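Okay, here's what each chain looks like letter by letter:
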Amino acid sequence: MRSSQRVGPPPLPPILVTLLLAFVISGPPARGQSYPTIATIRIDREDVFDLDNPDERHLPFIWADRLHVETREYVIRRELLFQEGDPADPDVLYESERNLRRLVFLHDNTRIETVARDDGRVDVIVHTRDIWTTRPNVSISRQGNRTTGRFSFSEQNLAGLGKQIGLSLKKDLDRNSGGIEYADPRLLGSRWTLGASYFIRSDGMLYAADVDRPFFSALTENSGGGGGSHFSQVTPLQIDGNDAPGFRQRHSDVLLRYGRALRTGYETTRRLVYRFRLEDDRFAPEPGEAPLSTLPPVGGAGYVALPRDRRFRILEAVYRSSDVNYQRVCYLDRFDRFEDINLGNDWSAGLGLSPRFLGDEHNRVFFSGRYGRWFHLSPSTYTVTELFTTGRFLAGLGENVITGFDFRHYYLGFPRQTLVVHVDHSWGHNLDGDMQFLLGGDTGLRGYDSRRFDGNKRLLFNVEDRAYIVFDWLHLLSIAFSPFADAGYVWRAGENEDLGDVVGDVGAGFRFDVTRGSSGTVIRLDYAYPLSGLGREENPRGVLSFTAGQAF
């Protein structure tokens, strides 16, 4: 059943009003309450299928549970931020619940409840359900005029210990690759995490590793870690939906970081993170490719020329402030699965220097900023907005400066439906030669070829109504029907943002949620028909796309 909160449809708030509201800072509520003591903690684990339920006590489900290794109890207990004898602070319990929901091997509807005792204490019950984590996968994805595929075998909960390992062969838009990935969210039982990958690709290789001790709680005082990656690949640029001559790119990076909490608590956190970033990019013509200099300058500065080599050694500090005001909701992007959204202000600002004495050719200043927040302006609406900027300065001139905003509004007032409105607008200034803004069937403009439009200023508008048809059909699948419309365009350097250039499409599709699968991944099948003459000329029968994940 849908939440009782879904009543009273107000009009959609104007984007301008929402962006102005984003800067209103509200004071945190007073704390200081006393809470009952936790007497016992019980872990109520469920396997993938509930064999005590007659509807699920069937032979395929019985076999599935027998083949699946259930998550070990201590793996769940070690994520809890409380223990027996602690006060049953609802903020601590809810943060523990959020931490459990972030684990890819547990269902998103994990919850923690308290049961009062006669002696004034409480018993805490942690309800979890495993999902199917052994995933042999053969998939084909069609987006616009491009087809990609993947064959993989992964285990996301190795031996019930929460570790992940996967082998895969992939055909992406630019290259084929095969390799192995490994992740451990609790390295040697500690709070450190480990991620590593190695891929051999048709145009080079990629390997990466990272170890990190994150801010795992609002009360965590320190974090740290580091890692690096290296890849060699042929990077193609795009012009009017076609591959432009490419170049060989060799990239290496190393990142070391240390974070210190300036303020902790369940009202507001303030954190300062110090980072050292090493980034090297080398570019060279790829043998057999046409010379880049023969192409017209249609993107950012040096857009079609061979990009200039980059060598950065960045000393950086990032300040982040987050109000802690989470709410558990459903029916946004994951059907009836729980999602945790923060109704508090969340912003960050960073400043860095890449000096010549560390190896840069010049003294460069790096900057970044971000503001994000969810709004719950009425019982039936949720709105999220994000504003961001990033780039660097050299002798007072901006380089690779990217600024933009992303806005999504969810209206839940209709029965068994979610109406979503999305606007994304980004601007680029003096972009690096390997940087482009692209738009097409793979990035939200579903009636057009993948990467059809290119430049340095992008606008995208989507509206989609997700009507839920059935939940947990055969205890395996939830299905929604989604009519939609998209509009957008990308302007090149020197072109004005004329809304008369905007192209659009209309269409409909289905959304599928594999209810016993991981992380609420939605599978999407869409048919879109272009409304512009250009789109109808290139795709007179429309575009059929099939892929994983929401379109926006």
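Residues numbered from 1 in each chain as written. Predicted model: local features only at pLDDT ≥ 70, side-chain atom pairs only at ≥ 80, totals over all residues. Heavy atoms only, no water.

A tally of regular secondary structure across the protein gives 5 helices and 29 strands. Residues classed as buried in the protein amount to 50% of the 552 residues present. When contacts within the protein are restricted to residue pairs at least 6 apart in sequence, long-range pairs at least 24 apart make up 60% of them. Here the protein has roughly 25,700 Å² of accessible surface; of this, 58% comes from carbon and sulfur atoms. (Helix = DSSP H or I, 4+ residues; strand = E, 2+ residues; numbered from the N terminus. Buried < 20%, exposed > 50% of the residue type's maximum accessible area, 1.4 Å probe, protein only. Contact = heavy atoms within 4.5 Å. Areas by Shrake-Rupley, 256 points an atom, 1.4 Å probe, with all protein chains shown as cover.)

Here the structure, examined in full by the defined rule, presents 46 salt bridges. The shortest N-O distance in the salt bridge between Arg370 and Asp346 comes to 3.9 Å. Here the residue Arg370 occupies a position in strand β19 (residues 364–378), and Asp346 occupies one in strand β18 (residues 346–354), the gap between them amounting to 24 residues. The network of salt bridges with common partners includes Asp333, Asp406, Arg408, Arg446, Glu464, Arg466, Asp486, Arg511, Arg524 and Asp526. (Salt bridge = Lys/Arg side-chain N within 4 Å of Asp/Glu carboxyl O.)

Attention now goes to the environment of Arg260. Mapped onto the secondary structure, Arg260 falls in strand β13 (residues 247–263). Taking the C-alpha atoms as reference points, Arg260 and Arg270, separated by 10 residues in sequence, lie 8.8 Å from one another. Ignoring sequence-local partners within four residues, the contact set of Arg260 consists of Phe215, Glu221, Asn222, Arg270, Arg271 and Leu272. Among the polar contacts made by the side chain of Arg260, one reaches the side chain of Asn222 at a distance of 3.0 Å. (Polar contact = N/O pair within 3.5 Å; in protein donor to acceptor, adjacent residues only side chain to side chain.)

For the rest of this paragraph, the subject is the sheet that holds strand β2 (residues 111–116). Strand order in this open sheet of 3 strands is β1-β3-β2, and the pairing throughout is mixed. Each edge of the open sheet carries a strand with a single partner, namely β1 (38–46) and β2. Geometrically, the sheet is characterised by an average inter-axis angle of 20° between neighbouring strands, direction not taken into account. Packing of helix α4 (residues 90–101) onto the sheet brings it into contact with β2 and β3 (122–129), and relative to β2 it is tilted by some 145°. (Pairing = 2+ DSSP bridges. Axes fitted to C-alpha atoms, helices over the stretch in contact; angles between N-to-C directions.)

Moving on to unusual backbone geometry. We note that Tyr331 has phi near 65°; this positive angle belongs to a residue other than glycine. Looking at the element boundaries, Tyr331 is found in the loop between β16 (326–329) and β17 (339–342). Not every positive phi belongs to a glycine, and His475 is a case in point at roughly 60°. As for its position among the elements, His475 is in the loop between β25 (457–473) and β26 (477–491). In this structure His475 comes out as buried when scored by relative accessible area, which is 17%.

Turning next to the confidence of the model for the protein. When pLDDT is averaged across the protein, the result is 87; 88% of the residues are at 70 or more. Considering only residues more than four positions removed or in separate chains, one finds that residues 1–31, a stretch of pLDDT under 50, has 68 contacts. Every residue in residues 293–303 scores below 50 in pLDDT, and together they form 24 contacts with partners more than four places removed in sequence or on other chains. (pLDDT = per-residue confidence, 0-100.)

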